[in-house]
Amino acid sequence: MFKTARYIFTLLLLGTAVFSQAQQDTTLTKEVEVTKAYKPTISDANKLNSMPTIDETEHQKPTFNYNINSKPVFSTFSVNPLKAAIVETSKKEDNGYGLVRAGLGTTFRPYGEVFFNNQNSRNSLFGIHSMHLSSFDDIKLEGGDKVDAPFMKNEVDLFVKHTFQDNVLSVNLDFKHDAFNYYGYPLMAIPDPLLEDGQTINYFDTKQSFAKGGINIGLKNPTAEYDDATIGFDFSYHYFGTKTDQREHYANFVLDVQQPMVTGVGLLEGGVLYTQASDIFLQTDSTTGKRSQIIIHAKPAWFVGNETANITLGVNTFFAIVSDKDTEAKISPNVRANWAPVPELINLYAGIDGDYISNHYSKIAYENPFVDPEHDVMNSFQKFRFYGGFDGKFSKKTNFKISAEYAMIDNQPFYYLSYAPIGESLAYPVQLVMDNTFKPLYDNMNRLKLNAEVFHASSDKVDLTASVNYYSYKLDEQEEAWNLPQWDANLNIGYKVNDQLSLSADIFLMGERKALFIAFPSNLANFSAPGISYNSNNLETAFDLNVKGNYQITNQFSVFAQLNNFGFQKYQRWFGYPVQSFNMLAGISYSF
């Protein structure tokens, strides 16, 4: 409890100090009015801008939140990759077409990134983005073993946006490749049988890679008012493959219709999702094979009111056809009320809804890359989500949001490790060996989430974003919400010292979690067998501090440096998998 209070106090103290400095900065003459939380995007209005603005303070991290909207820490190494849709500049500025960045980190971490975009005409924009980052570091585990923990990330994105008659048509092609090792082993020293070359007991030290290529096509009218007639769609397809021979086809089509009526506005969202995964372990008959699913959803609703006060009444319906399960239909409410007692200063909202969550293969693989590669995770159903809160402005430069929600979820997946005895051989006696890839188990869960967020911008000198989340879980069978934190928080600060030098810091905090590992009496994971032992382990509070700087040498050249995990904490992103401790990256940028 005292540790938690200390971390939160440190976060608030740093935020208050920077906020106070921003308020006392009397040299700023340019006033910025905050209208919403800062997130650079491409301008989807009638005129598209021509040059990317690079956000040096953005710090993105993958999440492993089991479909819960929190942002726990995942990796201590980030290079702020440029996204193809980060475009927002003045029409009169001629800043060129793109950016090239190259750098090298400690223990040989090569990094390179290229971003190019070109406005072919007044209403069209074309861009390409590619990135490489790799590491060849090793990590010391809890049991004292030092293991290789390399990783590699490659990305290629191509996008086209075209505006016509207030509509924006976008086409995106992307390819991602991630490679890593199953390097983890919790608590104890690695048993000798796992250190042998080519061992087949489990996946320890096995190389894995994810390759994903896809296309997204979308049409929307970003300038439409709430009472305009509009129609838009979004289509996505990807092909996903692993080094361990799993494959996935994923296709999703969503149609959005908005039509004014005599009273109010009619709304309809409908779509079809199709996935097929192969070479996975099917839970229904304990064989390896294919699993496909089709999920059809329709969300009709009626909107009545105006921009100051309005209410939406509707239902969410889902129809799921899964190859190895019975067909099922689900329904949940969709109700939301908004009221702005002081327009543009404060807005109150409340509602109730639900969702059917497809836990398809690649989704789970990215959420927890150390899950068993043959995983077949069941879908979840969020029956009800009650939510409410208010957001607004403290001043023209400061936005805030306070919210609460209570969700009731069926078939929430959690993850555990298991260990069991391996048979006696000429070389080794019978001994317990931990399986270092996670397997799913399920429970029904009710979750309370409280959230507070603040964003402050003081001209182009200082910006600050802070958020804190608190969670409380209630489960039917499990003793704990395994691997989920009771709280998490983050603080992002950017400070422009002068026209040449800019600095930023990111602090990520995540409260203690409980990890589950199960001892089976044999190497068969039979939950009905006698002698099963359930054990838990505390994962300590994660504290991750990252500091970055960028120095502009000329209009084209700049140098940058990043200090990652400056808190020198080797916290565990997943049980048995500690992250890399303090590391650095430095390099040079060239804009053209």
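A. Up close: the overall build of the protein. When helices and strands are tallied, the protein shows two helices and 28 strands. Taken over 592 residues, the protein has a buried fraction of 47%. Of all intrachain contacts in the protein linking residues separated by at least 6 positions in sequence, the fraction that spans at least 24 positions is 64%. Accessible surface, the protein as shown: approximately 28100 Å² in total, 57% of it carbon and sulfur.

B. Quick look at a negative patch on the surface. Residues D138, D148, D192, E196, D197 and D205 make up a contiguous surface patch of negative charge. Along the chain, D197 turns up in the loop between strand 7 (167-181) and strand 8 (207-220).

C. A look at the nonpolar core. Counting residues in hydrophobic clusters, the biggest one holds 38 residues, and the most contacted among them are Y183, Y185, F370 and F438. Of all the elements in the fold, those that place two or more residues in this core are strand 11 (265-282), helix 2 (361-367), strand 17 (398-422), strand 18 (431-458) and strand 22 (513-519). Once residues within four sequence positions are removed from consideration, Y185 is found in contact with L141, I190, P191, L194, F204, L432, V433, M434 and G576. Judged by nonpolar contacts, the second largest core, of 17 residues, contains F414, Y471, Y473 and I518.

D. Looking closely at empty space enclosed by the protein. Applying the stated criterion across every chain yields a total of four cavities of 30 Å³ or more. Looking at the largest cavity, its volume works out to about 110 Å³. The wall of the largest cavity is formed by 13 residues, among which A277, R291, H360, Y361 and D376 lie closest to the centre. Within the residue set of the lining of the largest cavity, elements represented by two or more residues are strand 11 and strand 12 (287-305). Partitioning the lining of the largest cavity into residue classes produces four nonpolar, six polar and three charged.

E. Molecular detail of unusual backbone geometry. Phi is positive for T107, close to 50°, though the residue is something other than glycine. Along the chain, T107 turns up in the loop between strand 1 (98-105) and strand 2 (109-121). Relative accessible area serves as the criterion here: at 43%, T107 is assigned to the partly exposed category. Here the phi dihedral of N565 falls at roughly 50°; this positive angle occurs in a residue that is not glycine. Within the element layout of this structure, N565 appears in the loop between strand 25 (557-564) and strand 26 (572-574). Note on N565: relative accessible area 0%, which makes it buried.

F. Spatial organisation of a nonpolar patch on the surface. On the surface, Y97, V100, V114, Y551, I553, F557, V559, I588, Y590 and F592 cluster together to form a nonpolar patch covering roughly 810 Å² of accessible area. When residues of the nonpolar patch are traced back to their parent elements, those giving at least two are strand 25 and strand 28 (583-591). Here V114 is to be found in strand 2. Looking at V114, the relative accessible area reads 34%, which means it is partly exposed.

G. How the structure looks around the packing of aromatic side chains. Taken as a whole, this structure holds 36 aromatic pairs when the rule is applied. When the centroid spacing of 6.1 Å and the interplanar angle of 85° are considered together, the rings of Y111 and F560 count as edge-to-face. Highlighted residues: Y111 in strand 2 and F560 in strand 25, separated in sequence by 449 residues. On the basis of relative accessibility, which here comes to 4%, the residue Y111 falls in the buried class. A cation over an aromatic ring shows up here: K176 above the ring of Y366, its NZ or CZ 4.6 Å from the ring centre. We note R385 situated over the ring of Y387; from NZ or CZ to the ring centre the distance is 4.4 Å.

H. Examining the pattern of salt bridges more closely. Applying the stated criterion across every chain, the model contains 16 salt bridges. For K330, the salt bridge goes to E328, with nearest N and O atoms at 4.0 Å. Across the pair K439 and D435 runs a salt bridge whose closest N-O atoms are separated by 2.9 Å. Classification of D435 by relative accessible area gives buried; the value is 16%. Linked through salt bridges whose partners overlap, the residues forming this network are D353, R385, E405 and R447.

I. Inspection of the environment of H297 at higher detail. With respect to the secondary-structure elements, H297 resides in strand 12. Owing to a relative accessible area of 12%, H297 belongs among the buried residues under this scheme. H297 sits 25 residues away from V272 along the chain, and the two C-alpha atoms are 6.5 Å apart. In this structure H297 touches V254, E269, G270, G271, T317 and F318, once residues within four positions along its chain are discounted.

J. The pairing of strand 25, seen in detail. In strand 25, alternate side chains face the same way, and those of S558, F560, Q562 and N564 are buried while those of F557, V559, A561 and L563 on the opposite face are not. In this structure, strand 24 (residues 542-552) lies alongside strand 25, joined through six bridges in antiparallel fashion. Looking at the pairing, G549 lines up with A561 of strand 25. The hairpin formed by strand 24 and strand 25 contains four residues between the paired strands. Examined bridge by bridge, strand 25 and strand 28 share eight bridges and lie antiparallel to one another.

K. Spotlight on the pairing of strand 22. Most of strand 22 sits inside the fold, with six of its seven residues counted as buried. Pairing between strand 17 and strand 22: four bridges, direction parallel. When the bridges of strand 22 are listed, L417 appears paired with F517. Summarising the sheet, strand 22 and strand 23 (residues 533-539) pair through seven bridges and their orientation is antiparallel. Considered in strand 23, the bridge of K514 is made with N538.

The rules behind these values
Residues numbered from 1 in each chain as written. Predicted model: local features only at pLDDT ≥ 70, side-chain atom pairs only at ≥ 80, totals over all residues. Heavy atoms only, no water. Helix = DSSP H or I, 4+ residues; strand = E, 2+ residues; numbered from the N terminus. Buried < 20%, exposed > 50% of the residue type's maximum accessible area, 1.4 Å probe, protein only. Contact = heavy atoms within 4.5 Å. Areas by Shrake-Rupley, 256 points an atom, 1.4 Å probe, with all protein chains shown as cover. Patch = residues over 30% accessible without salt bridge, like charges linked within 9 Å, V, L, I, M, F, W, Y side chains within 5 Å. Salt bridge = Lys/Arg side-chain N within 4 Å of Asp/Glu carboxyl O. Lys, Arg positive; Asp, Glu negative; His and termini not counted. Charge placed at Lys NZ, Arg CZ, Asp CG, Glu CD. Core = buried A, V, L, I, M, F, W, Y, C linked by side-chain atoms within 4.5 Å. 1 Å grid on protein atoms, 1.4 Å probe; cavity = no way out; pocket = protein on both sides within 12 Å on 5 of 7 lines; lining within 4 Å. Points joined across faces, edges and corners; volume = space filled by probe spheres on them. Nonpolar A, V, L, I, M, F, W, Y, C, P; charged D, E, K, R; others polar. Phe/Tyr/Trp six-rings, centres within 6.5 Å; stacked < 30°, edge-to-face > 60°. Lys NZ or Arg CZ within 6 Å of the ring centre and 35° of its normal. Pairing = 2+ DSSP bridges.

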